[in-house]
Structures are given as C-alpha cells and as structure tokens.
Amino acid sequence: MKSATVVRALGNGFAGAVVLTAVHETARHLIPDTAPRMDVLGMRGLRKLLGKANAPSPTMTPYST
C-alpha cells in the first residue's frame with residue numbers, strides 16, 4: 001500500500017468519526033432520553049463480529065447496560 005493511500009484512508013476514517021460524533025452529540029442534546037449510547041452500540045457490534053469469527057466476546061463492564 002502506498003503511503004498516500006494510507007494517509008487518504010486515515011483521513012477518510014477521521015472524517016467519518018467526526019461526522020458520527022457530531023450526529024450523536026446532536027441527538028444526545030435534542031433527545032437525551034432516547035439517544036443511543038455509542039459505547040453499548042459499539043459493544044453489540046463487536047460481539048456480533050467476534051461471534052461470526054468464533055472468537056471470545058468481551059465481558060460487560062459495570063458502566064454498560
């Protein structure tokens with residue numbers, strides 16, 4: 001992979017993370033009671049991927065619901 005391709009991929013990933021964070025924060029302020037928790041959504045997605053790969057899933061932390 002060329003370094004320009006890597007830099008472009010990192011830039012695209014960063015831009016996507018910024019947009020996702022902005023949308024989530026906006027939703028959190030507009031509808032605080034029903035806005036999804038990103039940590040819980042991330043954990044669910046990770047469990048699904050690891051389940052398909054037959055890998056062990058992470059355990060729940062006290063902060064997760």
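Preceding block: the structure.
If you're wondering where the values come from, they're calculated on a predicted model, not measured in any experiment.

Draft legend 1. Here's a closer look at the overall build of the protein. Scanning the protein from terminus to terminus reveals two helices and zero strands. Carbon together with sulfur atoms contributes 67% to the accessible area of the protein, which is approximately 5600 Å² in total.

Draft legend 2. Structural view of helix α2 (residues 38-52). End to end, α2 covers 21 Å across 15 residues, agreeing with the expected 21 Å (1.5 Å per residue, within 8%). With its phi angle positive at about 55 degrees, N54 sits one or two positions after the end of α2.

Draft legend 3. Spatial organisation of the pattern of salt bridges. Within this structure, the stated rule accounts for one salt bridge. Among the ionic pairs, R28 bridges to E25, the shortest N-O distance being 2.8 Å. Of the two residues, R28 and E25 both sit in helix α1 (residues 3-30), three residues apart, roughly one turn of that helix. Take R28: its relative accessible area is 40%, and that puts it in the partly exposed class.

What counts, and at which threshold
- Residues numbered from 1 in each chain as written.
- Predicted model: local features only at pLDDT ≥ 70, side-chain atom pairs only at ≥ 80, totals over all residues.
- Heavy atoms only, no water.
- Helix = DSSP H or I, 4+ residues; strand = E, 2+ residues; numbered from the N terminus.
- Areas by Shrake-Rupley, 256 points an atom, 1.4 Å probe, with all protein chains shown as cover.
- Expected span 1.5 Å × (residues − 1).
- Salt bridge = Lys/Arg side-chain N within 4 Å of Asp/Glu carboxyl O.
- Buried < 20%, exposed > 50% of the residue type's maximum accessible area, 1.4 Å probe, protein only.

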